Amino acid sequence: MTPAASVREALAAARRRHAAIVAAFAVPVVAGLAFALSKDASLPYLLVLAVIAALVPLLAWLKRPGRDPRSLARRLDARADLEDSADLLFADEATLGPLQQMQRRRLEARLATRPADLRSAWPKVWLAAAWIVSAGLIAAIVWLPPLASTAPRPAGTPASGAAPVDVATDLVLARSELRIEPPAYTGLDASSQPELSGKVPQDARLQWRLRFTPQPAAVALVFHDGQRLPLRREGEDWTASRTLASSTLYRIVPAGPLPLREDPLYRLDVIPDQPPRIRAVAPERSLTLATPGQRRWDLDFEASDDHGLGAARLEITLAQGSGEQVTVKQQALALRGEGSATLRRYARSLDLASLGLAEGDDLIVRLVVADNRTPTPQQSRSASFILRWPLPPSTESTGMEGLVKKALPAYFRSQRQIIIDAEALLADRPQLSADEFMLRSNNLGVDQRLLRLRYGQFLGEESEGEPEPPPGYEDGEHSDDDGHDHGSEPPAAPGPPGGDSVLELYGHTHDEAEAATLLDPETRALLKQALDAMWLSEGGLRQGDPAAALPHAYRALGFIKQVQQASRIYLARVGLELPAIDAARRMTGDRKGIASRPTGLATRTPGESPALPLWQALAEPSGGGEALDAFAAWLAENEARVADPLSLLAAIDALRRDPGCAECRATLRARLWPLLPREAAMAPPRTTPDARGQAYLEALMTETPP
């Protein structure tokens, strides 16, 4: 390949400098050799000088500039203005594409403005050493007697000055390099490091380059999951490459009788590509009530990603009708955000009339944003935001509608929304951290609790303290557009003029007359079962286990449907629209396209980890053999259940390589501590009250019933 003209000039200067350095090394060698020949020196001195004289031109030829264009390209890439494209300067221009030729011309223009300097620095230390060694050899020729004049040795007796022959007993890793090439979509630059451990981006291309002394017959990288990556020899180096998708441990394993002098376990931690993060700027609440005369609904979202954002769309759902007679229309709008590649703002104003929103309808929106990951982008969905156009207050009329008053408010879709959000949370679980997953699950548990307390009012149940407010209610304000019915003001209770009701201040009700008289016993029993199922669903969501909560949430929804169909509750009469029957699939048993609903059976959890037996066995100096093997086998199948499995694997490997290492046992026991089973939770003992509290308790005990 022919380098560019600017590079050829820099290369010529580098060769002149190289020739000067070679001459500086050759002068003392030639001088010593000439002096030895003039003095008729002994054969050993002549051999030493001859070897040095032969090595100087050989090294000069091997180290000549331009022999390896890749090394020159790496030196040029050290300049930031060449943009890691110096290899284009050494390529044949006829083989380059249009963009590559344009980049090459740009680099040549920059080199013309600021010429490259490829000259090697003067090796002052090595030059001084060469002159000193040559002077020492000349002095030895002058002052020491010739070695050939020494007395003859008996046969089989080694010379006293002969150097012992070194026999290699192990392999030494003389040089190591790990090159990291992140995926193109990340926009990160490639890098090289001498360390064989480190943190790398997900799906990065890794290339190992190793050099050993002496050379082994073969080398392979053995990973902790049993995979082997053979290395191939290129000159004096051994190379291999691999794309890394998950964190791993590995070790260098040479073939042959010689082991490695240092045989550590290397660790590569993968930095996962995070999914986009979405923040809702407007609206601030998940439920918004439409105001009279409102024609538009302004939406504003903000999305960010660690490497870059991709396509975004706004999913719009229009729910019309009430009860179980609800029709749903869905559509999606593509959005173009404003901002940088990693942070964008998405604003949209929806025309309510064009969407067909009418009284009694719900308009539900959700933003879906993807990142630029290839080949499969990651998607994130925002929370659902609802714009509700409430129905006007119902008035008595003739007919059946005027005989029955609605016993329950229109909250029947809330339980279905909790189920939808719980299933969406389970689907997004691989993309969420443990803390974020727990936070979203707990928020769903709060919504389930508020819904349970709302239904409990119709059975005369007491509230469990102050309910936790939903998002947007933290300041304690309560307005007319907070998403539920306030009802009419009750008649004033007896009490002082202008003061609070005595019943509100000092008493509470255990039953509501309207709920007691309006709901028949069968309906009350169904509602009680729905509340019990909501309680179990809330418990699963609060504990971060939506999978265990879903069966109970479905049971609660089923009971609510039965309550809706009770004899004292009437739903609006609307037309029933059933899907058309496909005659071609009828009676064929084809279930394609039919989604399976989860059953009420809870998923069987894997068995307990054998961490406790191993932790106990490691307390003994020689214990842990069978327990260690059992735990290692369990860990290989349950890495996802452990927070840091690689640290455990490294500790197990260290103990297996040195069973008598007390520090290795202590390290493994410390790693096992978070995996030990916890004792069952018990109710904490009641704290002893102070004097004021004790007086209050005694007053309660002595109070006479009315």
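This text follows the structure it describes.
Residues numbered from 1 in each chain as written. Predicted model: local features only at pLDDT ≥ 70, side-chain atom pairs only at ≥ 80, totals over all residues. Heavy atoms only, no water.

S.K.: Could you give me a rundown of the overall build of the protein chain, with the residues and numbers involved?
M.R.: Along its length, the protein chain carries 17 helices and 20 strands. Burial analysis of the protein chain (706 residues in total) assigns 32% to the buried set. (Helix = DSSP H or I, 4+ residues; strand = E, 2+ residues; numbered from the N terminus. Buried < 20%, exposed > 50% of the residue type's maximum accessible area, 1.4 Å probe, protein only.)

S.K.: Any details on the packing of aromatic side chains? Residues and values, ideally.
M.R.: According to the stated counting rule, one finds six aromatic pairs in the structure shown. Summarising the aromatic geometry, the rings of Phe223 and Tyr250 are spaced 5.7 Å apart at their centres and angled 40° between planes, so their arrangement reads as tilted. Residue Phe223 is found in strand S5 (residues 218-223), and its partner Tyr250 is found in strand S9 (residues 248-255); the two are separated by 27 residues along the sequence. Overall, Phe223 belongs to the buried group, its relative accessible area being 4%. Cluster of aromatic residues (ring-pair linked, three or more members): Trp208, Phe223, Tyr250 and Tyr266. Sitting over the face of the ring of Phe223, Arg242 holds its NZ or CZ atom 4.1 Å from the ring centroid. (Phe/Tyr/Trp six-rings, centres within 6.5 Å; stacked < 30°, edge-to-face > 60°. Lys NZ or Arg CZ within 6 Å of the ring centre and 35° of its normal.)

S.K.: Before we move on, can you summarise helix H16 (residues 662-672) with the specific residues and values?
M.R.: Every α-helix carries 3.6 residues per turn, so stepping three or four residues along brings you back to the same face. Taken together, the buried positions of H16 are occupied by Cys664, Arg665, Leu668 and Leu672. The buried residues of H16 all sit within an arc of 100° when viewed along its axis, so they share a single face. Counted as exposed and oriented over 90 degrees from the buried face of H16: Ala662, Glu663 and Ala670. Taken together, the buried residues of H16 touch helix H13 (611-617), helix H14 (625-637) and helix H15 (645-657). (Arc of directions from axis to C-beta. Contact = heavy atoms within 4.5 Å.)

S.K.: Any details on the pattern of salt bridges? Residues and values, ideally.
M.R.: One pass over the structure, following the stated rule, counts 22 salt bridges. In this structure, Asp644 engages Arg267 in a salt bridge whose closest nitrogen and oxygen atoms are separated by 3.0 Å. Here Arg267 lies in strand S10 (residues 266-271) and Asp644 lies in the loop between H14 and H15, a separation of 377 residues in the sequence. Judged by its relative accessible area of 31%, Asp644 is partly exposed. Put simply, Glu315 and Arg366 hold a salt bridge, and the shortest N to O gap is 3.3 Å. (Salt bridge = Lys/Arg side-chain N within 4 Å of Asp/Glu carboxyl O.)

S.K.: Could you give an account of the nonpolar core, naming the residues involved and the relevant values?
M.R.: One broad trend across soluble globular proteins is that nonpolar side chains are buried collectively. One finds Tyr455, Leu527 and Met534 to be the most contacted residues of the largest nonpolar core, which totals 26 residues. Elements that contribute at least two residues to this core include exactly helix H7 (412-427), helix H8 (434-456), helix H11 (521-542) and helix H12 (546-564). Top contributing element to this core by residue count: H12, with eight residues. With 24 residues, the next largest nonpolar core counts Ile180, Phe212, Phe223 and Leu244 among its residues. (Core = buried A, V, L, I, M, F, W, Y, C linked by side-chain atoms within 4.5 Å.)

S.K.: Can you explain the side chain of Gln202? Please cite residues and give values.
M.R.: Within the secondary structure layout, Gln202 lies in the loop between strand S3 (198-201) and strand S4 (204-213). According to the relative accessible area criterion, Gln202 is buried, its value standing at 15%. If we skip the residues at most four places from it in the chain, Gln202 touches Pro183, Leu244, Ala245, Val270, Ile271, Pro272, Asp273 and Arg373.

S.K.: I'd love a proper account of the sheet that holds strand S17 (residues 343-351), names of residues and values included.
M.R.: If you trace the four strands from one edge of the open sheet to the other, you get S11-S13-S17-S16, paired in antiparallel fashion. In this open sheet, the two edge strands, each paired with only one partner strand, are strand S11 (277-282) and strand S16 (338-339). (Pairing = 2+ DSSP bridges.)

S.K.: So what's going on with the side chain of Asp305? Residues and values would help.
M.R.: Summarising the element assignment, Asp305 is placed in the loop between strand S13 (296-304) and strand S14 (309-322). Buried within the structure, Asp305 lacks any salt-bridge partner; Arg277 is the closest side chain of opposite charge, at an N-O distance of 5.7 Å. In this structure, Asp305 is in contact with Asp273, Gln274, Pro275, Pro276, Arg277, Thr342 and Asp371, ignoring residues within four places of it in sequence. (Lys, Arg positive; Asp, Glu negative; His and termini not counted.)

S.K.: Please provide a residue-by-residue account of the packing of H15 against H16, values included.
M.R.: Packing of H15 against H16 brings their axes to within 9 Å, and their N-to-C directions diverge by 155°. Put simply, H15 runs roughly antiparallel to H16. As H15 packs across H16, the resulting crossing turns out to be left-handed. For the pair H15 and H16, contact is made by Ser647, Leu648, Ala651, Ile652, Ala654 and Leu655 and by Cys664, Arg665, Leu668, Arg671 and Leu672, respectively. Classifying every residue of the contact of H15 with H16 gives eight nonpolar, one polar and two charged. (Axes fitted to C-alpha atoms, helices over the stretch in contact; angles between N-to-C directions. Parallel < 35°, antiparallel > 145°, perpendicular 65-115°, else oblique. Left-handed = near helix turned anticlockwise from the far one by under 90°. Nonpolar A, V, L, I, M, F, W, Y, C, P; charged D, E, K, R; others polar.)

S.K.: With reference to specific residues and values, describe the pairing of strand S18 (residues 362-371).
M.R.: Burial analysis of S18 places nine of its 10 residues in the buried class, which makes it a mostly covered element. The pairing of S14 with S18 spans nine bridges and is antiparallel. Within S18, the position partnered with Ile316 by the bridge is Val365. In terms of strand pairing, S18 meets strand S20 (residues 385-388) through four bridges, oriented antiparallel. Residue pairing across strands places Leu363 opposite Leu387, the latter belonging to S20.

S.K.: Run through the sheet that holds S10, naming residues and quoting values.
M.R.: Judged by pairing direction, the sheet is mixed, and its five strands sit side by side in the order S3-S10-S9-S5-S6 without closing on themselves. Strands at the two margins of the open sheet, each flanked by one partner only, are S3 and strand S6 (228-230). On average, adjacent strands in this sheet sit at an angle of 30° to one another, irrespective of strand direction. Two strands pair when backbone bridges link them, and S5 and S6 are joined in this way by three bridges, in the antiparallel orientation. Residue pairing across strands places Val222 opposite Arg228, the latter belonging to S6. Lying on the sheet, H15 is in contact with S9 and S10; it crosses S9 at an angle near 35°.

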